[in-house]
Amino acid sequence: MSQEEYFFEPERRGPQVLEESILRFGEARAQAPRLEGVPTGIEGLDNLFFTVKWEGEKPRRVPLGGIPRYSVMNVTGVADTGKSLMVEQYALTQAGRGEGVAFITVESPAIFVAMGMRERAKALGIAESAVDENIVFIDVATHNRLQEDLPSLLATLAHVIRTYHVRHTIVDSVTGLFEHKEMAARTVVRRIYNFLKKWHQTGLLVSQKRSSHEEMSAEAAGGYAVAHIMDGTMVFYKDVITSSYKQKLYHLPIGEMIRLFRIDGCRLTGHDTRIHVCEITETGLIRIGPTLIELAQKNA
Ligand SMILES: Nc1ncnc2c1ncn2[C@@H]1O[C@H](COP(=O)(O)OP(=O)(O)OP(=O)(O)O)[C@@H](O)[C@H]1O
Ligand SMILES: [Mg+2]
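Residues numbered from 1 in each chain as written. Chains lettered and ligands numbered in written order. Predicted model: local features only at pLDDT ≥ 70, side-chain atom pairs only at ≥ 80, totals over all residues.

Chemist: Looking at this structure, I do not really get the overall build of the protein. What am I missing?
Modeler: What the protein contains, in helices and strands, is 10 helices and 14 strands. A compact globule built from 300 residues would reach a C-alpha radius of gyration of about 19 Å, and the protein, at 21 Å, matches this within 12%. C-alpha extents for the protein along the principal axes are approximately 70 × 55 × 40 Å. The burial tally for the protein puts 37% of its 300 residues in the buried class. (Helix = DSSP H or I, 4+ residues; strand = E, 2+ residues; numbered from the N terminus. Rg over C-alpha atoms; globule rule 2.2 N^0.38 Å. Buried ≥ 20, exposed ≤ 12 C-beta atoms within 10 Å, placed from the backbone.)

Below is the structure:
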């Protein structure tokens, strides 16, 4: 459909009732998936999402044990904060659990992503055969055509999901799919989001954050207002100790760097909202640590 048709066709046709868009709450309820957590393989993360169980009249908060299945989450942060490590660790974990993963590499060619992941699979104790079998790359970094042609990318993804029984889709990064056309950012993310919903995927979409402004606010969530489209946002950031205030806050000497993490909203389930320390181990594994308050209490 041309742009002109898109804008003028509805006017020519006149308003129509789209029957298939209407469903009773009961029908929606019958089709609604059960809320369950997908273990991420990231120490300290899974219990930050929670749900409520009713004991008689009383609601009790219970950990979900992972990110909500069928959610499409935004993983954001400035450069070198651990976004790629995080989604790769998630992909490896799903492979280890026997679940298929489509991994769309937009930044680095798949063979280089695989190089790093192979080492981390060892650190996670995940069998090579499980990784080989369950992770399927779609290499956009090497095949630039897919970067420009979203319908072909989605057709390729549909093919991969069908052929390899994929339940999880990773995109590292969606930002790379709207380079030089940032006006289209929301449209691109919206289409991917709708597609992943239709195919019952649990998705992690990495979005790059350009400025370090407002790191803990909603603006932190990837810029270009793409965060609003997705079901939730996980923000990674880092802070350098440059003042005695920060020295006291983090209990670290001036000049050191501290990695931080926060769940900046999730519309499918309850979640922790505090700032946590985040660690990258020497084998490249991400670990979510104590909150800043817990850190202060520990050091007091
Ligand atoms: N194997 C490893 N061992 C130790 N540290 C590592 C390892 N791999 C990566 N790191 C550290 O983790 C940091 C974050 O890496 P990562 O690639 O996940 O960042 P990113 O947030 O995806 O950045 P970008 O936006 O540039 O893609 C690296 O800068 C490096 O300091
Ligand atoms: Mg990265």
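Chemist: What is the right way to look at the sheet that holds strand 8 (residues 166-172) in this model?
Modeler: Two strands in a sheet stick together by hydrogen bonds in their backbones, pointing the same way (parallel) or opposite ways (antiparallel). Here nine strands make up an open sheet; going across it, the order is 7-6-8-9-5-10-11-13-14 and the pairing mixed. On the outer flanks of this sheet lie strand 7 (135-139) and strand 14 (286-291), each paired with one strand and no other. Averaged over all pairs of adjacent strands, the angle between their axes in this sheet comes to 25 degrees, without regard to strand direction. (Pairing = 2+ DSSP bridges. Axes fitted to C-alpha atoms, helices over the stretch in contact; angles between N-to-C directions.)

Chemist: Honestly, the site of ligand 1 in this entry has me stumped. Any pointers?
Modeler: Taken together, 13 residues are adjacent to ligand 1, and Asp-80, Lys-83, Ser-84, Leu-85 and Gly-284 come closest. In terms of residue count, helix 3 (residues 83-96) provides more of the shell around ligand 1 than any other element does, three residues in total. Class assignment of the residues belonging to the shell around ligand 1 gives a composition of three nonpolar, six polar and four charged. (Near = placed C-beta within 6 Å. Nonpolar A, V, L, I, M, F, W, Y, C, P; charged D, E, K, R; others polar.)

Chemist: Hey, could you run me through the nonpolar core in this one?
Modeler: Nonpolar side chains in soluble globular proteins generally cluster together in the buried interior. Counting 69 residues, the largest nonpolar core has Ala-91, Ala-102 and Leu-205 as the members making the most contacts within it. Not counting residues up to four positions away in its chain, the partners in contact with Leu-205 are Val-72, Asn-74, Val-75, Val-171, Val-174, Ile-192 and Met-230. (Core = buried A, V, L, I, M, F, W, Y, C linked by C-beta atoms within 7 Å. Contact = placed C-beta atoms within 7 Å.)

Chemist: Could you clarify how one ought to interpret the sheet that holds strand 2 (residues 49-55) in this entry?
Modeler: Strand order in the open sheet made by the three strands is 3-2-12, with antiparallel pairing throughout. Taken across any chain shown, the strands that pair with only one partner, and hence form the sheet edges, are strand 3 (58-63) and strand 12 (270-271).

Chemist: Help me understand helix 7 (residues 150-164), please; the structure alone is not making it clear to me.
Modeler: Each full turn of the α-helix corresponds to 3.6 residues, which orients residues three or four apart in the same direction. For helix 7, built from 15 residues, the straight-helix expectation of 21 Å at 1.5 Å per residue is met to within 8% by its first-to-last C-alpha distance of 21 Å. Taken as a whole, helix 7 has its buried residues at Leu-153, Leu-157, Val-160 and Ile-161. Each buried residue of helix 7 lies within a common arc of 100 degrees when the element is viewed along its axis, so the set occupies one face. Across from the buried face of helix 7, at angles greater than 90 degrees, the exposed residues are Pro-151, Ser-152, Ala-155, His-159, Arg-162 and Thr-163. (Expected span 1.5 Å × (residues − 1). Arc of directions from axis to C-beta.)

Chemist: It is not clear to me how the pairing of strand 3 should be interpreted in this structure. Could you clarify?
Modeler: Regular strands have side chains that alternate between both faces of the sheet. The element strand 3 is barely covered by neighbouring structure, given that only zero of its six residues are classed as buried. Alignment of strand 2 against strand 3, held across six bridges, turns out to be antiparallel. Along strand 3, the bridge assignment pairs Val-52 with Arg-61. Count of turn residues in the strand 2/strand 3 antiparallel hairpin: two residues, of which Gly-56 carries a positive phi of about 65 degrees.

Chemist: Is there a simple way to think about the packing of helix 3 against helix 4 (residues 110-124) in this case?
Modeler: How two helices pack is summed up by the angle between their axes together with the distance between the axes. Packing of helix 3 against helix 4 brings their axes to within 10 Å, and their N-to-C directions diverge by 60 degrees. As the angle between them shows, helix 3 and helix 4 are arranged oblique. Helix 3 and helix 4 meet at a crossing whose hand is right-handed. Residues Glu-88, Gln-89, Leu-92, Thr-93 and Gly-96 of helix 3 lie in contact with helix 4, whose contacting residues are Gly-116, Met-117, Arg-120, Ala-121 and Leu-124. Of the residues contributing to the contact of helix 3 with helix 4, the split by class is four nonpolar, four polar and two charged. (Parallel < 35°, antiparallel > 145°, perpendicular 65-115°, else oblique. Left-handed = near helix turned anticlockwise from the far one by under 90°.)

Chemist: Sorry if this is basic, but what is going on with the pairing of strand 10 (residues 232-240) here?
Modeler: Sheet topology note: the strand 5 (residues 72-77)/strand 10 ladder contains four bridges and is parallel. Along strand 10, the bridge assignment pairs Thr-76 with Val-235. In the sheet, strand 10 pairs with strand 11 (residues 257-266) via eight bridges, with the strands oriented antiparallel. Across the sheet, the residue bridging to Met-234 is Ile-263, located in strand 11.

Chemist: Looking at this model, I keep getting lost on the environment of Leu-292. Mind explaining?
Modeler: The topology assignment puts Leu-292 in helix 10 (residues 292-299). Here the alpha-carbon distance between Leu-292 and Val-136, two residues 156 residues apart in the chain, equals 38 Å.

Chemist: Teacher, can you tell me more about the environment of Arg-120 here?
Modeler: Tracing the backbone through its elements, the reader meets Arg-120 in helix 4. The sequence separation of Arg-120 and Gln-89 amounts to 31 residues, and the corresponding C-alpha distance is 7.5 Å. Apart from the residues within four sequence positions on either side, Arg-120 is in contact with Glu-88, Gln-89, Leu-92, Thr-283, Gly-284 and Leu-285.

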